[in-house]
Every structure is written in structure tokens, then in C-alpha cells.
Amino acid sequence: FIESAVPHLENSDSAAIVDIATTSAIEAGVLRTNGGYGALKAAALQHVSSQARALGPQGIRVNAVSPGPTYFKDGDWQTMEEQRPELFRTARENIALGKFGTDVDVANAVAFLVSPAAGHITGTNLIVDGGFTNRFDF
């Protein structure tokens, strides 16, 4: 999909692409989610990284946002809350901030990465998980 957007982005003064990944791509975590899903998203992060390097000379920034548990109406976590309350509680208890993220939290991260405020950021994965994962990148 990135490749099909390049001709349009080359004419922009602030071209930016943001891929939506997941914390499952970087850490199995306490929920032990489906390994295939995490592996697929990890591959997407590798693609973001390679595209950031390839498209940087054309002025196109490429980044990713990896949400952790995100609660929104009719979403997976609302279903978990109703059908698997123990898993829901376990997830919430493992979020350092003590609450699920929201769709607005994820949208704000994307808005930042496509904005001029992130004009010198490319090839990064912004984790939006309230401290759910046990990692620190440096």
C-alpha cells in the first residue's frame, strides 16, 4: 500500500505515512495473544523501518503507532469485559496507568506523527499503551 501512495506523497511538503501496529508485535506480554498476529505485525514494523530508509531521501517520513489494550464502544475489549471479565481485569491490572487507552489516544499519536511537530521523526514505532509493555527502548 505504501508504494501506491508514493507518487502522491512525493509532491507534498510534509509527506508522512503511519502504520498501525500493536504491542503484540514487540512483546508477548501477560495476555499471551495469538502468536501469528504478533508475528505478522512485527513484519509490518520491519517494513515500516525499511520504507523509512528507502523513502527518506524523497522527504517521505514513515512511522508506526503500536497501541496496547485500547477500549472503545463495540470493540474487542468491551466484548472481553462482558464475556471474559477475568482476562479484562488482568489486562487492566497490568497497565501502569491503571486504565485502557482509547481510540482518541491512538488518534492523537497518529496526528502527532503526521504533523510538522514530528518533522524530523522517521522509522520509529510510537508505543501507546499506558505502560502495558515491560520495555524501554534507548
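Refer to the structure printed above.
Residues numbered from 1 in each chain as written. Predicted model: local features only at pLDDT ≥ 70, side-chain atom pairs only at ≥ 80, totals over all residues. Heavy atoms only, no water.

Trainee: I tried to follow the overall build of the chain on my own but got confused; where do I start?
Mentor: Of the regular secondary structure elements, the chain holds five helices and three strands. Scanning the chain from its N terminus toward the C terminus, one meets helices and strands in the order α-β-α-β-α-α-α-β. Here the C-alpha coordinates of the chain stretch approximately 50 × 30 × 25 Å along the principal axes. Buried positions account for 34% of the 138 residues belonging to the chain. The contacts in the chain between residues at least 6 apart in sequence include a share of 70% that link residues at least 24 apart. (Helix = DSSP H or I, 4+ residues; strand = E, 2+ residues; numbered from the N terminus. Buried < 20%, exposed > 50% of the residue type's maximum accessible area, 1.4 Å probe, protein only. Contact = heavy atoms within 4.5 Å.)

Trainee: I keep staring at the packing of helix H3 (residues 76–83) against helix H4 (residues 85–93) and nothing clicks. Help me out?
Mentor: For any two helices packed against each other, one specifies the inter-axial angle together with the distance between the axes. Following both chains from N to C, one finds H3 and H4 inclined at 125°, their axes separated by 5 Å at the closest point. Relative to H4, the element H3 lies oblique. Counting all contacts with H3, which are made through Trp77, Met80, Glu81, Glu82 and Gln83, the residues of H4 involved are Pro85, Leu87, Phe88 and Ala91. Looking at the contact of H3 with H4 residue by residue, the class counts come to six nonpolar, one polar and two charged. (Axes fitted to C-alpha atoms, helices over the stretch in contact; angles between N-to-C directions. Parallel < 35°, antiparallel > 145°, perpendicular 65-115°, else oblique. Nonpolar A, V, L, I, M, F, W, Y, C, P; charged D, E, K, R; others polar.)

Trainee: Please explain the packing of aromatic side chains as it appears in this structure.
Mentor: Applying the stated criterion across every chain, the model contains five aromatic pairs. For the ring pair Tyr71 and Phe88, a centre distance of 6.1 Å and an interplane angle of 75° mean the geometry is edge-to-face. Of this pair, Tyr71 sits in the loop between strand E2 (61–67) and H3 while Phe88 is found in helix H4, placing the two residues 17 residues apart along the sequence. Residue Tyr71 is classed as partly exposed on the basis of its relative accessible area of 26%. Between Trp77 and Phe100 the ring centres are 5.1 Å apart and the planes differ by 45°, which places this aromatic pair in the tilted class. Of this pair, Trp77 sits in helix H3 while Phe100 sits in the loop between H4 and helix H5 (103–114), and the two are 23 residues apart along the sequence. We note that Trp77, like Phe100, is buried. Site record: aromatic cluster; members linked through ring pairs are Tyr71, Trp77, Phe88 and Phe100. (Phe/Tyr/Trp six-rings, centres within 6.5 Å; stacked < 30°, edge-to-face > 60°.)

Trainee: Would you mind showing me how to read the sheet that holds strand E1 (residues 16–20) here?
Mentor: In space, the three strands of this open sheet follow the order E1-E2-E3, with parallel pairing throughout. Either end of the sheet is taken by a strand with one partner, and the two such strands are E1 and strand E3 (125–128). Each strand axis lies, on average, 25° off the axis of its neighbour in the sheet, ignoring direction. Here E2 pairs with E3 via four bridges, running parallel. By the bridge assignment for E3, Val65 is matched with Leu126. Running over the sheet, H5 touches E1, E2 and E3 and is turned about 165° from E2. (Pairing = 2+ DSSP bridges.)

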